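# Understanding the architecture of this molecule
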Amino acid sequence: MSGSKPRLEDLSIIVSGQGGDGSLTVINILADVLRSVGMRAYTERDVLSRIKGGIVAATLRACHDERLCIGSQIDLIVVFDLFAIRKQAHRLNDRSIVIYDSSGGGLPDDSGVPEGARVIGIPFSRHAVRMFRSDIYKNSISSAVVGRLIGLNDDDMRAAFEKRFGRRGAEALKYNLDALAVGHELADEVGLAADEGLYEIVSADSKPHMLITGNEAVAFGFVVAGGRFFAGYPITPSTDIMEWLQKWLPRFGGVVRQPEDELSVINMAIGAALTGTRTMVATSGPGLSLMQEGIGQLGMAEIPLVVVDSQRSGPSTGMPTKPEQSDINLLVYGGHGDFPRIVLAPGTPQECFHITVKACNLAEKYQLPVFIALDQGLSQNLATIDPIDEGQVVVERGKRLDAESLAGMAVYKRYAFSKDGVSAFAPPGTPGGMSLVTGNEHDEFGQVSTDPGNRTRMMQKRQSKLQSMQADLPRAVTHGVETADIGFVGIGMTHGVILEAMDILAARGVPTQYHQLQTLWPMLDETPDFTRGCPCVFVVEYNATGQLARLIVAHGGEEAHIESVLIYDGVPLRAEDLVQKVIERMDSRRHKAA
Amino acid sequence: MSGSKPRLEDLSIIVSGQGGDGSLTVINILADVLRSVGMRAYTERDVLSRIKGGIVAATLRACHDERLCIGSQIDLIVVFDLFAIRKQAHRLNDRSIVIYDSSGGGLPDDSGVPEGARVIGIPFSRHAVRMFRSDIYKNSISSAVVGRLIGLNDDDMRAAFEKRFGRRGAEALKYNLDALAVGHELADEVGLAADEGLYEIVSADSKPHMLITGNEAVAFGFVVAGGRFFAGYPITPSTDIMEWLQKWLPRFGGVVRQPEDELSVINMAIGAALTGTRTMVATSGPGLSLMQEGIGQLGMAEIPLVVVDSQRSGPSTGMPTKPEQSDINLLVYGGHGDFPRIVLAPGTPQECFHITVKACNLAEKYQLPVFIALDQGLSQNLATIDPIDEGQVVVERGKRLDAESLAGMAVYKRYAFSKDGVSAFAPPGTPGGMSLVTGNEHDEFGQVSTDPGNRTRMMQKRQSKLQSMQADLPRAVTHGVETADIGFVGIGMTHGVILEAMDILAARGVPTQYHQLQTLWPMLDETPDFTRGCPCVFVVEYNATGQLARLIVAHGGEEAHIESVLIYDGVPLRAEDLVQKVIERMDSRRHKAA
Amino acid sequence: MTETFTPTRPIWCAGCGDFGVLEALITALDELQIPVHDRMFIAGIGCSGSLQNYLSCYGYHALHGRVLPTATGVKLANPQLTVVGVGGDGDGYAIGGGHLMHSFKRNPGVTYIVMNNGTYGLTKGQASPTSVTGFQGNTEEDLDPIMLGLSIPGSTFLARGYSGHPAQLLQLTLAALRHTAAGQGLSYLEVLSPCVTYNDTYREWRTGVFNIDSEDGYDPGNRAGAFERMSELREQGRLPLGLIYQGERPALESLALNPEFAAPARQDLNDPGLAAGYREAMQSFIR
Amino acid sequence: MTETFTPTRPIWCAGCGDFGVLEALITALDELQIPVHDRMFIAGIGCSGSLQNYLSCYGYHALHGRVLPTATGVKLANPQLTVVGVGGDGDGYAIGGGHLMHSFKRNPGVTYIVMNNGTYGLTKGQASPTSVTGFQGNTEEDLDPIMLGLSIPGSTFLARGYSGHPAQLLQLTLAALRHTAAGQGLSYLEVLSPCVTYNDTYREWRTGVFNIDSEDGYDPGNRAGAFERMSELREQGRLPLGLIYQGERPALESLALNPEFAAPARQDLNDPGLAAGYREAMQSFIR
Ligand SMILES: Cc1ncc(C[n+]2csc(CCOP(=O)(O)OP(=O)(O)O)c2C)c(N)n1
Ligand SMILES: Cc1ncc(C[n+]2csc(CCOP(=O)(O)OP(=O)(O)O)c2C)c(N)n1
Ligand code: SF4
Ligand code: SF4
Ligand SMILES: [Mg+2]
Ligand SMILES: [Mg+2]
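This report concerns the structure included in the present document.

Calculation notes
- All chains use their own residue numbering, which begins from 1 and follows the written sequence.
- Naming scheme: in the order in which they are written, chains are lettered from A and ligands are numbered from 1.
- Owing to the predicted nature of the model, reporting of local features is limited to residues with pLDDT of at least 70; listing and counting of side-chain atom pairs is limited to 80 or more, with chain, interface and lining totals taken over all residues.
- Calculated side-chain values reflect all of the structure's heavy atoms, with hydrogen atoms and water omitted.
- When at least one non-hydrogen atom of a residue lies within 4 Å of a molecule or strand, that residue is treated as near it.
- Lys, Arg, Asp and Glu make up the charged group, whereas Ala, Val, Leu, Ile, Met, Phe, Trp, Tyr, Cys and Pro make up the nonpolar group; the residues left over, Gly among them, are polar.
- A donor here means any N, O or S atom no more than 2.8 Å from the metal (3.2 Å for Na, K and Ca); water is not included, so a site may seem to lack partners.
- With a 1.4 Å probe rolled over the protein chains alone, any residue whose accessible area is under 20% of its type maximum counts as buried; one over 50% counts as exposed, and the rest are partly exposed.
- Two strands qualify as a pair provided that DSSP identifies no fewer than 2 bridges between them.
- Helix and strand labels come from DSSP, where a helix needs a run of H or I of at least four residues and a strand needs a run of E of at least two; each type is numbered from the N terminus.
- To obtain an axis, a line is fitted to C-alpha atoms, over the contacting stretch when the element is a helix, and the angle between two such axes runs from 0 to 180 degrees between their N-to-C directions.
- Residues are treated as being in contact if the distance between any of their heavy atoms lies within 4.5 Å.
- Geometry of aromatic contacts follows a simple scheme: Phe, Tyr and Trp rings, the Trp one being its six-membered ring, pair when their centres are within 6.5 Å, and the pair is stacked under 30 degrees between planes, edge-to-face over 60, tilted otherwise.
- Both a distance and an angle decide whether a charge sits over a ring: NZ of Lys or CZ of Arg must be within 6 Å of the ring centre and within 35 degrees of the ring normal.
- Salt bridge, as applied in this entry: a Lys or Arg side-chain nitrogen positioned within 4 Å of an Asp or Glu carboxyl oxygen.

This part covers the site of ligand 3. Ligand 3 sits among Ile51 of chain A together with Trp12, Cys13, Cys16, Cys47, Asn117, Cys195, Val196, Thr197 and Tyr198 of chain C. This site is not confined to one chain, since residues near ligand 3 come from chains A and C. Its residues placed into classes, the shell around ligand 3 shows eight nonpolar, two polar and no charged.

What follows is the structure, given as structure tokens:
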């Protein structure tokens, strides 16, 4: 039968159950196996801000080509809990496959599963408890079944198990491998023999892919950019950055600290940055709010720092595990008083890496805070990407002085006026470079000053960086048909969805174009220009007030051309839903025009 | 001679010396005497962020009619330090009078005093040291001379001294009265006999005026509005609010606390507000930055609080004693995530009072943070104003439930959905009103929830307040000629200067109009409308980036009609300088058009 | 009766020490007959910070680390409420550490219960200020917040319980609530409350705890003596349980409120009797 | 020599205690022959927070209350620097109080000098955490930060000087700098430094101080003993001066840095030798 099987092109799979059931583990293992056989994978998590219990879900998209979002329909769903199936039923169709844990009985009539869908009940939990005296092995058992179903090789599954559970010790590995074997037996029982999966897996690419989240890519980029000091305080969804760096940074002589709060974080980072060390912090909304005074200090005292904001649903504590892009205002306008800053917004893990490198360079070249705006989706979703060529990274440190160059200078002024607004920096410890650095207004030497003439020049010096950096800032990436009447604007986790929606629309004969911002601040002319040039621009963003759209309008964007698509319910947008919105809005625009 | 004397119409007086010399005291006493004789007074301070030393100045405008700014020219200057005279010389003209402390010798040739100015040297310091063994009495001595010069009655001066120094004990009073007498003798010596001052003082008004700063008016308004809990942490220029309340609030059973930092301030205030107590905090930029997390909590958990921001020069520590209006962005856009808020901006002490009352009512009616944007000038400058009719204040507490009303309800939900977005509040301690209040997203009962449908409705509920409050928000006050082609927009301490510039322009045949915002957020349509309707609008603001102008543009203002006038050197704008800018910009507009 | 929110089932992992704290609190509040509407719970952020959802009360979920300033504001504005602060060690000792020391100093009428599990539970097990050296790469020595409390003049009630010893925990919870109810100010009760998922310390604590309540001659009225004994036990690697210090000092609210008026939250702001005072304030600007 | 900023004349009021601290620091740093370019001063906000402007050094004017985290970051990134934190009691004990306790616990190689005048000088005389009860309406008891330091495991050097006793102050300053230079971590020196303008305590302190350095049998190596003696003296209304506690514990930087590498600030980021490690990190995502 294998010859006649369809190729695995594009499949979205959900595993859902109670928190602690291990749904994430199943999905992550499958993603890793897919990566290892040359397929593309993308994962998403839908979890709660609690450690055990509640309904959580993990989703995987297995693709032949690159897709940075989950599909609009779910092809395969594995549920350990019947609540979960009701929650997901609307994403199923008559070709979907439903695998449920039948330990507690059959599927109720009102499960919502559409007619025609293939339903398979397997008592995962019962087997797990019987064999291992613990319910938790049901996830390993179920992954065997899913692997079989989609056509993954038993050996590849085993290899992935060895890699993942090997780290947790021999016992954990043994039990999980046993569970995998049990799963394979159960698969046999329900008619899913080895090599008899639904699909043929064809490697998409000869070169190996990386499987990486945006958070990891940022952390990795920081190390390669020469980052050597990181401070953080645990907060979802940014914590992974700290955790990855805790493991890796010391191997390069770097330091990671987790002090008592975010105030300590940003000020400790300021201390490290003052010495000329490349420094970064990462946080999410509540932490970013607490760091506002420190942010302003960076601007005033001209201290380079990279600040990562992994955005989650706000305001306040909000919905800590859910995605949002609602800190845009705070990133762009936060801190009291006027000071220059840069806000960058990657859309893929690869961009996360490169933008972090860029952020480190910009921070030191222009001596100011550089923000990297992430969101929960980009931060935490795993994706397969082409390998990053980390060897190409260039470290640009800006105007730095050492003892030798200082010796040749008659006078050294930390805040010397200059054409580009940037003054040379001599790291503490350098003979001849003594300086005063302060968040008070100051003269060129860093002495506190309220002289009005000095104040005016210092303010202009700092602000002038926003001009001198222009050529250095990442430009928007454009996609689609340049002349199309329908445009998209988006950042972060909207990226994959917009690309897919464009494909769907193109297939329906509707050409579109897409302006993917990379620099949110300073707002480059290209973005307002785009909204003026394209008659209908869908600005897609995860917040309730259209922060990005408003920012574009404030800088000359054409409000009449803008259609805001706002998502703020904590649920990731699907391409098909975006397509629907586009069609509806275009219709209503045509009606209004008529 | 008295019959032929000119009436005292409008006089600007500077007293300048080293910090600690008491220049402020002289000016404040003079202002009080002027108030007591029915004249108008307005004062300004130019001080440093240090306790002693450095050059400081205090300025007084004595007027027959109300003026809420210092004049563009200085008529009389008293200097204890020769540095000071150089700093002020450019504001003098050939009719100015210069009184200097000649203890250290005569005025040097390069003092910068214009030709024709009358120069009087009096060895204040020498006399003070000889008579009182302390230099500090020179300020009391000098005030006698100034009083004589401008025609104030010796007895009125004495009465003011008794009032001011009486509080400091009998000894302080005696010495200062003696110093006043010495001053009067010295005045006799230089030919300024009693009742032979330069001007005739004619009472402007039969009713008594108040002499009050914006900070005091806010504090007073808070008490009368029923405010009963205030927390603050010392920070210039907001501290006076706390100090006034420390004295007065306990007399009404209220509580004032100065805890360990601004985080404690805002959270202690949240605690008080949770009980249904009218609560306020006051701070300046650095404190406002630290409060950002708390601000978002107010928005999410729907807690009423009035937050006063007395703005100073930023960013960061900046120039603590200098004026600015550069926290507008942070006030409007601060805090992570989307939540509703109100930002109000008074322009006079009277408006400070009424807007504080309004803020207290709005906070409770709409259950959200209400900001009052002050600036150093409005906060600290003394002005004579018509008495406030504090008896007219109406306390509106919004939807509150007591045990009785609760008893009639089947179910009580703290966050019940409602048309206007506001849910009824039962203060803790009320039987039957138990509720959960949280900064997490929550359902109507306040239980933590991430249900997407609930999330959407809750977000919309909160945001809908911005609509339901519209009719309740203070409208802009308009001044001048409604059809004029030249318009002004301003807030806070620009108010008096704009009014005076309009008078000057009107006198030169140039009609203007002025849209004085009272509500900065939500931005009411009236303001963008104003910029669309008037072909050239000068948006005058104390910051470097045109935050107010940008805010107006972001909400539909006509950028092409806007001329930004930006002041960020820490020096208060003078009307004549504003007039010059208007004329220049209009010329260059005409050139461009031609 | 009006229906209000229904306390939910705890979202804690089975075996979490916080169950014991909840149990003790429910029992103690009932035993002291505090009406549900007079209970105001101020909770931190963390697994522990959901306790208020599991009993009948007015509950407030504070910002991370801000339990004590918030609770102080509540108490000053309405001293009739029984104000209970609850939260975790990360919340109370890390981000909230500064407030803890200042609250000891300030002594507001608040009962503050810290569920100390030596880790950040909700963010998945990072080191906290009470984590032992080595836990998750922790280079620091673990903080003893009771000793910190002893060092602050103004502290009046310092106790430690263990959720594995429910009887003593109940007694300490009662004592804490009574201390505050008697107008003595802040009662601080740390509860050793194991996190079975990220830092399961049941074994260490079962053997490591030391009951000072039953130590002959131990005097909880002697600050320096208590400090010395704590130091000794610490050196022996033992964790003292019981009422460690109790002193006397008027609660903050008795010093800060004007007894001639109703408390801030209970005033009638439209009382016509206020007008004369307002007039006087107005006159002070005319003088 | 390259001209850099010129230390200015202090802006302090005549008679301000801070002059004595400046004097002691200049003398001690010279005596220890710390090159000016290896001195990094981290100053708070307040009158005291301008000290760095009055001597030759790399000076940083921190945010209010953030001296210690900043200084810790500096030291970890470049341990070759002599890092001195300076600030006021408001800065260090009020808004910075949480950082103080965590810094004791963390023990970074920083000398931290607090100019304690029992008030907020620069904002014109409000009560601070070390203000006595009654000062400006203060309802709280004054904090003793040395006792706080004693209560935190990890603290290694706690001393108090008085700007009116310059000889002892110099010795304590030297001892503090030496403690840190010897790799023992945080040396904390509180200096009683009167604010002549808003809280002139010269008279009280002249009579109130008590020199523990000259007390027979006092053992600064005994934490609990020190606590007891401090408590006694406090009850007698006396303010102990001298080296109150000194212990041994490796400094944070020795625990946090990888000795195989140059310190973070001193690494050559373009060193080609780094490539292999970066490659390995990259491979970890391909596995
Ligand atoms: C300002 C801020 N920073 C970080 C977080 C993320 N956060 C949530 S809970 C928590 C720690 C909880 O630890 P602990 O207080 O010990 O409570 P536990 O879960 O152990 O009961 C943190 C850091 C937050 N909510 N707010
Ligand atoms: C966040 C913040 N809040 C408040 C202030 C205002 N402020 C400046 S100095 C100071 C207190 C200074 O007191 P202290 O630290 O004791 O120093 P001293 O002036 O007494 O030496 C305060 C509150 C500030 N700069 N930043
Ligand atoms: S993670 Fe730990 S602290 Fe949180 S509920 Fe589970 S056991 Fe309790
Ligand atoms: S105000 Fe006080 S602390 Fe400040 S300089 Fe003067 S004496 Fe010193
Ligand atoms: Mg914990
Ligand atoms: Mg002080």
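Let us keep going from here.
A separate point is the coordination of the magnesium ion (ligand 5). All names here are of chain C. Protein coordination at the magnesium ion (ligand 5) comes from Asp89 (OD), Asn117 (OD1) and Thr119 (O), with a distance range of 2.0 to 2.1 Å. On the primary sequence, the residues serving as donors to the magnesium ion (ligand 5) are separated as D-x27-N-x1-T. Judged by relative accessible area, which is 9%, Asn117 ranks as buried.

Time to look at the sheet that holds strand β10 (residues 239-246) of chain C. One open sheet holds the nine strands; their spatial order is β16(B)-β2(C)-β1(C)-β3(C)-β4(C)-β8(C)-β7(C)-β10(C)-β9(C), and the pairing between them is mixed. Every other strand in the sheet has two partners, leaving β16 (436-438) of chain B together with β9 (209-211) of chain C as the edge strands with one partner each. If you compare each strand with its neighbour and ignore which way they point, the axes differ by 20° on average. Note that β9 of chain C and β10 of chain C share three bridges and pair parallel. What sits directly across from Asn211 of chain C, in β10 of chain C, is Leu241 of chain C. Along the sheet face, helix α8 (residues 223-235) of chain C touches β9 and β10 of chain C and points at about 175° away from the line of β10 of chain C.

Before going further, it helps to examine the packing of aromatic side chains. Considering all chains together, one arrives at 40 aromatic pairs over all chains under this definition. A ring pair is formed by Phe220 of chain B and Phe285 of chain C, whose centres lie 5.6 Å apart and whose planes are at 45°; its orientation type is tilted. With Phe220 of chain B in helix α7 (residues 214-224) and Phe285 of chain C in the segment after α10 (275-283), this residue pair bridges two chains. Taken individually, Phe220 of chain B and Phe285 of chain C each receive the classification buried, so the pair is uniform in this respect. Ring plane angle 40° and centroid distance 6.0 Å describe the contact between Phe488 of chain B and Phe538 of chain B, whose orientation is recorded as tilted. Taken as a pair, Phe488 of chain B in strand β18 (residues 486-490) and Phe538 of chain B in strand β21 (residues 536-541) lie far apart in primary sequence, 50 residues in all. The class for Phe538 of chain B is buried, based on a relative accessible area of 0%. The rings of Phe220, Trp244, Trp248 and Phe353 of chain A together with Phe285 of chain D are connected pair by pair, giving a single aromatic cluster. The cationic tip of Arg251 of chain A hangs over the ring face of Trp248 of chain A; the distance from NZ or CZ to the ring centre is 4.2 Å. Directly above the aromatic system of Tyr415 of chain A lies the positively charged group of Arg414 of chain A, at a separation of 5.1 Å from the ring centroid.

Taken together, Ile51 of chain B together with Trp12, Cys13, Cys16, Cys47, Asn117, Cys195, Val196, Thr197 and Tyr198 of chain D make up all the residues around ligand 4. Those residues lying near ligand 4 are distributed over chains B and D. Tallied by class, residues from the shell around ligand 4 come to eight nonpolar, two polar and no charged.

Moving on, we come to the pattern of salt bridges. Counting across every chain of the model gives 108 salt bridges over all chains. Across the salt bridge formed by Asp46 of chain A and Lys322 of chain A, the nearest N and O atoms sit 2.4 Å from each other. A residue pair is termed long-range when its members are at least 10 positions apart, and Asp46 of chain A in strand β2 (residues 40-46) and Lys322 of chain A in strand β12 (residues 319-323) qualify at 276 residues. Accessibility expressed as a relative area gives 6% for Lys322 of chain A, which makes it buried. With a closest N to O distance of 3.1 Å, Asp142 of chain C and Arg234 of chain C form a salt bridge. One end of the pair, Asp142 of chain C, is in the loop between β6 (126-127) and α5 (145-151); the other, Arg234 of chain C, is in helix α8, with 92 residues separating them in the sequence.

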